[in-house]
Amino acid sequence: MAVYNYDVVVIGTGPAGESAAINAAKHGRRVAVVEKQPLVGGNCTHWGTIPSKALRHQVKQIMAFNTNRMFRDIGEPRWFSFPKVMERSRITIEQQVAMRTNFYARNRIDLFNGVARFQDEHTLLVRDSQDATDELVAEKIVIATGSRPYRPADIDFRHPRIYCSDTILSLNHTPRTLIIFGAGVIGCEYASIFSGLGVKVDLINNRGSLLSFLDDEISDALSYHLRKHGVLIRHNEEYDRVEGDDSGVIVHLKSGKKLRADAFLWANGRTGNTDQLGLENIGLEANGRGQLAVDEHYRTAIGHVYAAGDVIGWPSLASAAYDQGLNACDELLDRDYRFVTEVPTGIYTIPEISSFGRNERELTEAKVPYEVAQAFFKDTARAQITGDTVGMLKILFHQESLEILGIHCFGDQASEIVHIGQAIMQQKGEANSLKYFVSTTFNYPTMAEAYRVAAQNGLNRVF
């Protein structure tokens, strides 16, 4: 058994692990990373963020082509199979892997492929696919092992027509009908993707509305557009059992309903990847969802063992994971750090959704006197040019101080547009003001111009 000594060892090469490792290496530490998969990138690159967003982009292009009048002059609509679209999306995954592999080589970070397990508080045993074992000894360790889909024991995921959000990427045909259980972010995104490919989707939601953490108006807009694209949403439902046969899947709901489809996608919850770490050997314990508790420095109960990313729970976003890994490493390097608490929401449905700050329901409950500034994309020249006229920008601001309290956007490029408002919201004092958008000249025509239109609309409401 070979023994290696490091200043920092990071377990996992997703966004949190990558940023932690590179930050430590940039500051002169000897660093190693451990990745159980053959290629770097973690779940984000191979099963989560990158594949689903690449898929969404391809489907959105197909939808745009099939609804564009100019293209109808030269041919009929074209439809593509799920495997064909997925094949094109894999190009992006390959590019990401190549780029990220180079990051580790360029920063002289040692990469070990295998499963890491704690032997003691400073020692990891890494077993590779050939059962060879390396021993890594480190002063400090960062756990960034990410998460995987939660799989209830009473559903047979070995059945060829029953999938989770990881295995759905290996779907080798295009089903005519699909049942998705779970109407969270992942469920809604895949409902958009499959309905865009012409699949009839039943989306089962165990709550009363879609994505209840969103502004109510945005949630309603999402529901409308999913239905418009052929998604049947069933609220307040729970499954009793799921049965697969040779020709499809039958879902028995506790309400007494029975649904049948060609395939079934489970998209309800995720579990932290901690079960193979040997946490019992160092006295750490994960919660029921495999997640680790950390303090405001991203330290676990063991002072030199840190955790970041999906493995610590909320908000379980790639964007937050990258910042968490970076800041966890800043703390262990005795540099200034930031505990990540304010994160923009980015939901890549069709159309997409993004928000930052509080929504109307939260402000009303807190009795904050707010007003609404809004702009509809259909009224902007850029959206009229591109044809992406669905959507709106909504700014919530204080009636008296004009302080911006929340930004909510629905429509094409929403996840890009929201960052303009986020930047102004995070300015100190009077710099955070709706007035910024009417005293600033925006390029024309742009989607960013929606901020000027919305701000003027909002100021007209103030008396």
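Above this text you will find the structure in question.
These notes cover the structure that comes with them. Keep in mind it's a predicted model, so treat the numbers as computed, not measured.

### Topic: the packing of aromatic side chains
One pass over the full model with this rule turns up 12 aromatic pairs. Ring geometry for tyrosine 6 versus phenylalanine 112: centroids 6.3 Å apart, planes at 85 degrees, classification edge-to-face. Residue tyrosine 6 is located in strand 1 (residues 2-11), and its partner phenylalanine 112 is located in strand 3 (residues 110-113); the two are separated by 106 residues in the primary sequence. There is no split in this pair, since tyrosine 6 and phenylalanine 112 are both buried. Judged by centre distance (6.3 Å) and plane angle (35 degrees), the ring pair of tyrosine 190 and phenylalanine 194 falls under tilted. With tyrosine 190 and phenylalanine 194 both in helix 6 (residues 185-196) and four residues apart, this pair spans about one turn of that helix. Of the aromatic side chains, those joined through ring pairs into one cluster are Tyr436, Phe437, Phe442 and Tyr451. The side chain of arginine 30 reaches across the aromatic face of tyrosine 6, ending 4.5 Å from its centre. Here the guanidinium or amino end of arginine 289 rests over the ring plane of tyrosine 150, the centre of that ring lying 4.3 Å away.

### A look at the sheet that holds strand 12 (residues 239-244)
Pairing within the open sheet is antiparallel, and its three strands lie in the order 12-13-14. Where the open sheet ends on each side, the last strands, each with one partner, are strand 12 and strand 14 (258-261). Going from strand to strand, the sheet's axes swing by 15 degrees on average, the running direction of each strand aside. With five bridges joining them, strand 12 and strand 13 (residues 249-253) adopt antiparallel strand pairing.

About the criteria used
Residues numbered from 1 in each chain as written. Predicted model: local features only at pLDDT ≥ 70, side-chain atom pairs only at ≥ 80, totals over all residues. Heavy atoms only, no water. Phe/Tyr/Trp six-rings, centres within 6.5 Å; stacked < 30°, edge-to-face > 60°. Helix = DSSP H or I, 4+ residues; strand = E, 2+ residues; numbered from the N terminus. Buried < 20%, exposed > 50% of the residue type's maximum accessible area, 1.4 Å probe, protein only. Lys NZ or Arg CZ within 6 Å of the ring centre and 35° of its normal. Pairing = 2+ DSSP bridges. Axes fitted to C-alpha atoms, helices over the stretch in contact; angles between N-to-C directions.

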